[in-house]
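Overview (structure and organization)
Below, each chain spelled out in residue letters.
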Amino acid sequence: MQERPEPGFTPGLTARVELTVTDADTAQAVGSGDVPVLGTPRVLALAEAASVAATAASLPPGMTTVGTRIELDHRAATAVGRTVHAQARLTEVDGRRLLFEVRVTDGTETVADGRVERMLVDRQRFVERATRTA
């Protein structure tokens, strides 16, 4: 079996993604509360999307990253119609483990911040293992 070389991820890689909040993104819609503001699960997904985007261009063929740990403080509410931006910055590389600092903002206010940990994996082997029957 041939080993794939580890990619040369370097701390400092960044990416930014945005979301304009719709009714489908609210806590009411995603089942995380009963208020019509951006739900925490959508904030988390946006932070994770930024971390995925930060390394996407550097991934070797056949490889991907999967989320393994997230620490997120959701600090402020965001109304429907507002646009939020998530920025992820790769801060640490430990073999296949990648650690990102993330920040979600709504204009000048911090909506959420935290850390996302991802692991570099072989896409095909990962899916095969996940779909095995017992």
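Residues numbered from 1 in each chain as written. Predicted model: local features only at pLDDT ≥ 70, side-chain atom pairs only at ≥ 80, totals over all residues. Heavy atoms only, no water.

A word on the overall build of the protein chain. When helices and strands are counted, the protein chain shows 3 helices and 5 strands. In the protein chain, the order of α-helices and β-strands from amino to carboxyl end is β-α-α-β-β-β-β-α. Across its three principal directions, the C-alpha atoms of the protein chain cover 55 × 40 × 20 Å. Per-residue burial over the protein chain gives 34% buried out of 134 residues. In the protein chain, 65% of the contacts between residues at least 6 apart in sequence involve partners at least 24 apart. (Helix = DSSP H or I, 4+ residues; strand = E, 2+ residues; numbered from the N terminus. Buried < 20%, exposed > 50% of the residue type's maximum accessible area, 1.4 Å probe, protein only. Contact = heavy atoms within 4.5 Å.)

Turning to its location among the elements, Ala53 is positioned in helix 2 (residues 40-56). Among the residues examined, Ala53 registers a relative accessible area of 37% and is labelled partly exposed.

So, about the nonpolar core. By size, the foremost hydrophobic cluster in this structure holds 24 residues, and its most contacted members are Leu38, Leu46, Val84, Ala86, Phe100, Val102 and Val104. In terms of residue count, the dominant contributor to this core is helix 2 (5 residues). Not counting the four nearest positions on each side in its chain, Phe100 is found in contact with Ser51, Ala54, Thr55, Ala88, Arg89, Leu90, Thr91, Gly114, Arg115, Val116 and Arg118. (Core = buried A, V, L, I, M, F, W, Y, C linked by side-chain atoms within 4.5 Å.)

This part is about the side chain of Thr78. Secondary-structure assignment places Thr78 in the loop between strand 2 (63-74) and strand 3 (83-94). Among residues more than four places away in sequence, those in contact with Thr78 are Val21, Val37, Leu38, Val84, Asp106 and Val111.

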